[in-house]
Amino acid sequence: MSTLEPGTKTRSLVIAPQWIGDAVMTEPLMLRLHQRGERLSVGALPWVAPVYRAMPQVAEVIEFPFQHGGLQWQARRAMARQLRGRFDTAYVLPNSAKSALLPFLAGIRRRIGYHGEMRYGLLTQRLPNPPRDERPPMVGFYSALAGERGTEADRPRLLLPPAQIDAVLQAHGLARRGFHVFAPGAEFGSSKRWPPQHYAELAAGLALPVLLLGSGKEHALCEQIAQAAPGRCTNLAGKTALLDAFGLIAAAHSVVSNDSGLMHVAAAFGTPQVAVYGSTSPEHTPPLSDAATVLWLKRDTAYQPPLDCAPCFQRECPLGHNRCMVDIRPARVADVLATIA
């Protein structure tokens, strides 16, 4: 961990969300805090930490040795001892009680976050939880923690040095804008995934090669697509560091994905993209980019019978048909990609 810079007005610790997409959507908050003179250290889990290394306004990234689930009391106490005396303010972005525990144990005087899971005492400044049916888009939800007005137009932006992107391309023998990226996974569940056979059919009809990106858990899914479109796809799921995957996304001709963390990464780099939605809603977590096209049958008045069941926000289709994804045909995505220069 680095030493503090002299003359810093406020030394701030940000407790990051646990998901890549959510982490991307905190970037406007980071920018707001940085622009008013706060030196930002972000505490994040290892699989989310790389997102903050693509935010120049973040001075330091601290990787937390925690896992999903469980209080992990001893590990939190040990980390709190390391952080004690280093920070004036903490912003706790997740809503869980355990996420607010570390700044409390570290003795950070100002601790800001949403009320969350009854976090009396753990936070010194609590914003009220928005009603579930009135919750703002996630970017605005996080930006509100800055206590400033005018967050409605906030859009996440990620940045990597050009030399870093060039090194990744060289390692894979690729040229800028000479390939497509498909991100067919979705951690939440199968209801958010466009069918693998659709991805394969789309890949088979494209002129440029396709890179399949995702986590190690999604390698088998990506391999299914690669085998169904022989010679068209390279399966890199689970084989690239996250920052390398970011570089490939930033340099791609276009990205096709479900509503997922990598969808938000593509939007933050401004890469042309097609985002396929079904069981979730682009009204709450859209790709915030002028280069993004959202396909969602719920909005399609010509689609019959109407999708009264969408968005259901279920992990698996409760009706068993998954029409909201299956009926978005590969040709429709190909038509959008054909308009990208």
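Given the structure is predicted, the values throughout are model-derived calculations rather than measurements.

Thresholds applied
- Residues numbered from 1 in each chain as written.
- Predicted model: local features only at pLDDT ≥ 70, side-chain atom pairs only at ≥ 80, totals over all residues.
- Heavy atoms only, no water.
- Salt bridge = Lys/Arg side-chain N within 4 Å of Asp/Glu carboxyl O.
- Helix = DSSP H or I, 4+ residues; strand = E, 2+ residues; numbered from the N terminus.
- Buried < 20%, exposed > 50% of the residue type's maximum accessible area, 1.4 Å probe, protein only.
- Contact = heavy atoms within 4.5 Å.
- 1 Å grid on protein atoms, 1.4 Å probe; cavity = no way out; pocket = protein on both sides within 12 Å on 5 of 7 lines; lining within 4 Å.
- Points joined across faces, edges and corners; volume = space filled by probe spheres on them.
- Nonpolar A, V, L, I, M, F, W, Y, C, P; charged D, E, K, R; others polar.
- Phe/Tyr/Trp six-rings, centres within 6.5 Å; stacked < 30°, edge-to-face > 60°.
- Arc of directions from axis to C-beta.
- Disulfide = S-S within 2.5 Å.
- Axes fitted to C-alpha atoms, helices over the stretch in contact; angles between N-to-C directions.
- Parallel < 35°, antiparallel > 145°, perpendicular 65-115°, else oblique.
- Left-handed = near helix turned anticlockwise from the far one by under 90°.
- pLDDT = per-residue confidence, 0-100.
- Core = buried A, V, L, I, M, F, W, Y, C linked by side-chain atoms within 4.5 Å.
- Pairing = 2+ DSSP bridges.

Focus on the pattern of salt bridges
As enumerated under the stated definition, the model contains 12 salt bridges in all. With a shortest N-O distance of 2.9 Å, Arg-36 and Glu-148 are connected by a salt bridge. Highlighted residues: Arg-36 in the loop between helix H2 (27–35) and strand S2 (38–44) and Glu-148 in the loop between helix H6 (138–143) and helix H7 (162–172), separated in sequence by 112 residues. Assessed through its relative accessible area of 34%, Arg-36 is described here as partly exposed. For Glu-148, a relative accessible area of 29% corresponds to the partly exposed category. The partner of Arg-53 in a salt bridge is Glu-63, with the nearest N and O atoms 3.1 Å apart. Taken as a pair, Arg-53 in the loop between helix H3 (49–52) and strand S3 (58–63) and Glu-63 in strand S3 lie far apart in primary sequence, 10 residues in all. Each of Arg-32, Arg-36, Glu-38, Glu-148 and Asp-154 takes part in a single network of salt bridges with overlapping partners.

A look at the environment of Ala-266
When you line up the elements, Ala-266 lands in helix H11 (residues 261–269). For the pair Ala-266 and Pro-28, spaced 238 residues apart in the sequence, the C-alpha separation amounts to 16 Å. Once you skip the residues sitting within four places of it in the chain, Ala-266 turns out to touch Ile-249, Val-255, Thr-271 and Gln-273.

A word on the layout of surface pockets
Estimates place the volume of the second largest pocket at around 310 Å³. Lining the second largest pocket are 18 residues, and of these Pro-136, Pro-137, Gly-140, Phe-141 and Thr-151 sit closest to its centre. The leading source of residues in the lining of the second largest pocket is H6, at 3 residues. Its residues assigned to classes, the lining of the second largest pocket shows 12 nonpolar, 2 polar and 4 charged.

Thoughts on the packing of aromatic side chains
If you walk through the whole model with that rule in mind, you get 6 aromatic pairs. Between the aromatic rings of Phe-64 and Phe-66, the centroid separation amounts to 5.2 Å while the plane-to-plane angle is 40 degrees, which identifies the pairing as tilted. Neither residue differs from the other here; Phe-64 and Phe-66 are each classed as buried. Ring centres of Phe-141 and Tyr-142 lie 5.5 Å apart, and the angle between their planes is 70 degrees; this geometry places the pair in the edge-to-face category. Note on Phe-141: relative accessible area 2%, which makes it buried.

Concerning helix H9 (residues 219–228)
All of the buried residues in H9 are Leu-221, Cys-222, Ile-225 and Ala-226. One face of H9 carries all of its buried residues, which in axial projection span an arc of 140 degrees. In H9, those exposed residues whose orientation departs by more than 90 degrees from the buried face are Ala-220, Gln-227 and Ala-228. Against helix H8 (196–204), strand S8 (210–212) and strand S9 (233–235) lie the buried residues of H9.

Examining the state of the cysteines
Taken as a whole, this structure holds 0 disulfides when the rule is applied. Here Cys-324 is not disulfide-linked; the sulfur of Cys-317 is the nearest cysteine sulfur, at 6.3 Å. The buried category is assigned to Cys-324, whose relative accessible area is 10%.

Some points on the packing of helix H4 (residues 73–83) against helix H5 (residues 97–105)
Geometrically, a packed helix pair is captured by the angle between its two axes and the distance between the axes. At a minimum axis distance of 8 Å, the contact between H4 and H5 shows a crossing angle of 40 degrees. By the angle between their directions, the pair H4 and H5 is classed as oblique. In the crossing of H4 with H5, the sense of the turn from one axis to the other is right-handed. Contacts between H4 and H5 involve Trp-73, Arg-76, Arg-77, Met-79, Ala-80 and Leu-83 from the former and Lys-98, Leu-101, Leu-102 and Leu-105 from the latter. Across the contact of H4 with H5, the residue classes tally to 7 nonpolar, no polar and 3 charged.

Digging into the confidence of the model for the protein
Regions with low pLDDT should not have their predicted coordinates read in detail. Chain-level pLDDT for the protein is 94 on average; 98% of the residues reach the 70-or-more range. The low-confidence segment residues 1–6 (pLDDT under 50) makes 14 contacts with residues lying over four places distant or belonging to another chain.

Regarding the nonpolar core
One finds Met-30, Val-51, Tyr-52, Leu-158 and Phe-246 to be the most contacted residues of the largest nonpolar core, which totals 54 residues. For Phe-246, the contacting residues outside a window of four places in its chain are Pro-50, Val-51, Ala-54, Leu-158, Leu-160, Leu-262, Val-265 and Phe-269. Counting residues in each nonpolar core, the second largest holds 30 residues, with Leu-202, Val-256, Leu-295 and Tyr-303 among its members.

Notes on the sheet that holds strand S1 (residues 10–15)
Read across the open sheet, the 6 strands follow the order S3-S2-S1-S4-S5-S6; overall the sheet is parallel. If you trace the sheet from one side to the other, it starts and ends with S3 and strand S6 (125–127), each paired once. The mean inter-strand angle of the sheet, taken between neighbouring strand axes irrespective of direction, is 20 degrees. Where strand S4 (residues 89–92) meets strand S5 (residues 110–114), 4 bridges bridge the pair, whose relative direction is parallel. By the bridge assignment for S5, Thr-89 is matched with Arg-110.

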